Amino acid sequence: MDKTERVLVTGGAGFIGTHTVVELLKQGFKVSIIDNLDNAVEEAVHRVRLLVGPQLSQNLEFHLGDIRNIEDLEKLFSQTKFGAVIHFAGLKAVGESVAHPMRYFDNNLAGSINLYKIMAKYNCKKLVFSSSATVYGQPDKIPCLEDSELKAMNPYGRTKLFLEEIARDIQKADPEWRIILLRYFNPIGAHESGTLGEDPKGIPNNLMPYITQVAVGRLPELNVYGHDYPTHDGSAIRDYIHVMDLADGHVVALEKLLERKDTGCVAYNLGTGRGTSVLEMVAAFEKASNKKIPIKLCPRRPGDATAVYASIDKAGKELGWKAKYGIDEMCRDQWKWASQNPYGYQSKP
Ligand code: NAD
Ligand code: WQD
């Protein structure tokens, strides 16, 4: 594949997808998005176009479609030759996956299987897949290494684990496939312009969107889940990563797939390798926003690990990728996005 062949980005209207599409376009790739807008709005794609400008925008196509619907995929692949697929499309809310496991198995597993069938049919066998640190479960040892034990704690995690296994099996059976599995740790932040960012529907489950909504006055206070963990301040530790570093990681992974013939199916952690506690994150966000975030100390959230952070050596050595941004920049860009768009892509209801 050269850059004149198109890259298909499933779920490209979503949080990580939009930021990645901006970087792909800037690097000269032609991009088609398929998204069913289950957790996104078309306005996000419009913002991508505004950011890259009219000329690069001509290299972007948006298709409203569902990867569970084989006709939607067939229509796309029969009309366009894709050199590679970056596969973000999926549902990602852990709690919802416990309440509605079939929704997760159907969307994430059946949707991906459909996609891989069509890719094989049209001989498009280069894939970058959105995996997650969730595949390490509650890790026994930190930092998490790519060859650490894999285990899932909930139906969402199981979909990622199964999809990693499926990718390994497909590639083993047909070595023409070249697959990179990217295990993201905790993606936060926003595009530095403040025009793209995360826009969760309903009350956020994740820490950073919750803090953000407290800061803009949409929620009264942050519940801090757990203050008796065996950490320096009693709150849990995670490896937060700037979404623009993730976007860069996808471009690098794609280029690796394009240049090498013997990629196989390889997993890489995308994290910073540094842990930040919940209370440290609150303090960093208060500093970036100059807003007080009221907190309430609450019991631990069931299923949460004490500390999770990545070993980043493999991505550094083999992809030449390393995160550039730290917590202060993540909070700065998150606040820029939130202060300019307190209701996300919608205007105030
Ligand atoms: P997101 O919800 O913002 O983006 C996912 C996109 O996929 C959405 O735009 C949604 O409308 C679309 N989509 C869902 N099901 C679809 C379907 N059947 N057909 C077409 N489009 C569909 O989420 P995100 O944070 O950008 O995550 C992207 C990927 O990264 C997901 O696979 C997620 O599991 C994975 N991931 C996310 C995180 C995180 O914390 N954000 C961490 C690790 C891994
Ligand atoms: C981080 C810390 C919470 C909200 C999840 C998924 C994982 C991956 C990333 C997709 C924890 C605490 C949170 C709040 C809090 N996603 N917290 N108050 O659980 O590390 O990972 O997102 O693949 O699979 O499980 O992220 O942001 O939910 O929580 O105190 O209102 O913040 O208890 O310690 P998590 P998170």
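Let me begin by describing the structure that accompanies this report. (Residues numbered from 1 in each chain as written. Chains lettered and ligands numbered in written order. Predicted model: local features only at pLDDT ≥ 70, side-chain atom pairs only at ≥ 80, totals over all residues. Heavy atoms only, no water.)

### Section: the site of ligand 2
Put simply, the rule reads: The near set for a molecule or strand comprises every residue that places at least one heavy atom within 4 Å of it. N or O atoms closer than or at 3.5 Å make up a polar contact, with two conditions inside protein: a donor-capable atom paired with an acceptor-capable one, and, for residues adjacent in sequence, both atoms drawn from side chains. To measure how exposed things are, a 1.4 Å probe is used in the Shrake-Rupley method; for residues, cover is taken only from the protein chains shown. To qualify as a helix, a DSSP run of H or I must reach at least 4 residues; to qualify as a strand, a run of E must reach at least 2; elements of each kind are numbered from the N terminus. Under the scheme applied, nonpolar residues are Ala, Val, Leu, Ile, Met, Phe, Trp, Tyr, Cys and Pro; charged residues are Asp, Glu, Lys and Arg; polar residues are all the others, including Gly.
Lining the immediate surroundings of ligand 2 are 19 residues, of which Ser132, Tyr156, Asn223, Arg238 and Asp304 lie closest. Between ligand 2 and the protein, one listed contact pairs an oxygen atom with a side-chain N or O atom of Arg301 at 2.7 Å. Between an oxygen atom of ligand 2 and a side-chain N or O atom of Asp304, the distance comes to 2.5 Å. Burial of ligand 2 by the surrounding chains reaches 88%, relative to a free accessible area of 690 Å². At the level of secondary structure, the elements contributing two or more residues to the shell around ligand 2 comprise helix H7 (207–215) and strand E8 (222–225). The greatest single-element share of the shell around ligand 2, amounting to four residues, is contributed by E8. Classifying every residue of the shell around ligand 2 gives ten nonpolar, six polar and three charged.

### Brief notes about the environment of Val252
Which entries qualify depends on this criterion: Contacts were defined at the residue level, with two residues in contact if any of their heavy atoms lie within 4.5 Å.
Counting through the fold element by element, Val252 comes out in helix H8 (residues 243–259). As for Val252 and Leu24, which are separated by 228 residues in sequence, their C-alpha atoms are 9.9 Å apart. Ignoring anything within four residues of it in the chain, the contact list for Val252 reads Leu319 and Trp321.

### Some details on the sheet that holds strand E1 (residues 6–10)
Selection rule: The rule for pairing is simple: two strands pair if DSSP sees at least two bridges between them. Convention adopted: a line fitted to C-alpha atoms gives each axis, helices being fitted over their contacting stretch, and angles between N-to-C directions are expressed from 0 to 180 degrees.
Read across the sheet, seven strands follow the order E3-E2-E1-E4-E5-E6-E11 without closing on themselves; strand pairing throughout is parallel. Strands at the two margins of the open sheet, each flanked by one partner only, are strand E3 (60–64) and strand E11 (265–270). With direction set aside, neighbouring strand axes in the sheet form an average angle of 20°. Pairing geometry for strand E5 (residues 126–132) and strand E6 (residues 178–184), over seven bridges, is parallel. In the strand pairing of E6, Phe129 is matched with Leu181. Against the sheet, helix H2 (residues 42–57) engages strand E2 (30–35) and E3, with an angle of about 160° to E3. Against the sheet, H8 makes contact with E1, strand E4 (82–87), E5, E6 and E11, and its axis sits at roughly 165° relative to E6, the strand it touches most.

### Looking at the site of ligand 1
Taken together, 28 residues sit near ligand 1, with Asp35, Asn39, Phe88, Lys92 and Tyr156 positioned nearest. Contacts to ligand 1 include Asp66, whose side-chain N or O atom sits 2.9 Å from a nitrogen atom. In isolation ligand 1 has 820 Å² of accessible area, and contact with the protein removes 95% of it. Where the shell around ligand 1 is concerned, the elements lending two or more residues are helix H1 (15–26), E5 and helix H6 (155–173). Among the elements that line the shell around ligand 1, the one with the most residues is E5, at three residues. In the shell around ligand 1, the residues fall into twelve nonpolar, ten polar and six charged.

### Examining the pattern of salt bridges
Worth spelling out the cut-off: Every case where a carboxyl oxygen of Asp or Glu lies within 4 Å of a side-chain nitrogen of Lys or Arg is listed as a salt bridge. Only protein chains enter the accessibility calculation, which uses a 1.4 Å probe. A residue is then buried if its area is under 20% of the maximum for its type, exposed if over 50%, and partly exposed in between.
Here the structure, examined in full by the defined rule, presents 20 salt bridges. Its salt-bridge partner being Glu43, residue Arg47 comes within 2.7 Å of it at the nearest N-O pair. Taken as a pair, Arg47 and Glu43 lie in helix H2 at a separation of four residues, close to a single helical turn. Under the relative-accessibility criterion, Glu43 is labelled partly exposed at 29%. Of the charged contacts, one joins Arg301 and Asp304 as a salt bridge, the two residues approaching to 3.1 Å between their closest N and O atoms. Sharing partners across several salt bridges, the network here consists of Glu164, Glu165, Arg168 and Arg183.

### Remarks on helix H11 (residues 327–340)
Selection criterion: Expected span of a helix: the number of residues minus one, times 1.5 Å.
In a regular helix each residue adds 1.5 Å, so 14 residues correspond to 20 Å; H11 covers 20 Å between its end C-alpha atoms and thus fits that length. Of the positions making up H11, those classed as buried are Ile327, Met330, Cys331, Asp333, Gln334, Trp335, Trp337 and Ala338.

### Some remarks on the side chain of His87
Structurally, His87 is set in strand E4. Its relative accessible area of 1% is what places His87 among the buried residues. At 2.8 Å, the side chain of His87 and the side chain of Ser112 are in polar contact. Setting aside chain neighbours within four positions, we find His87 in contact with Thr10, Ile67, Ser112, Leu115, Tyr116, Leu127, Val128, Phe129 and Ser130.

### A few points about the pairing of E1
Taking burial as the measure, the five residues of E1 include five buried ones, the bulk of the element. Because side chains alternate across E1, one face comprises the buried residues Arg6, Leu8 and Thr10, and the other comprises Val7 and Val9, equally buried. When E1 meets E2, the two strands line up parallel, connected through five bridges. What sits directly across from Leu8, in E2, is Ser32.

### Remarks on unusual backbone geometry
The step from Ile142 to Pro143 runs through a cis peptide bond, and the omega angle for that step is 0°. Along the polypeptide, Pro143 turns up in the loop between E5 and H6. Backbone geometry at Leu37 places phi at a positive 60°, although glycine is not the residue there. If you trace the backbone, Leu37 turns up in the loop between E2 and H2. At Asn123, a position not held by glycine, the phi torsion is positive, near 55°. As for its position among the elements, Asn123 is in the loop between helix H5 (101–121) and E5. Owing to a relative accessible area of 49%, Asn123 belongs among the partly exposed residues under this scheme.

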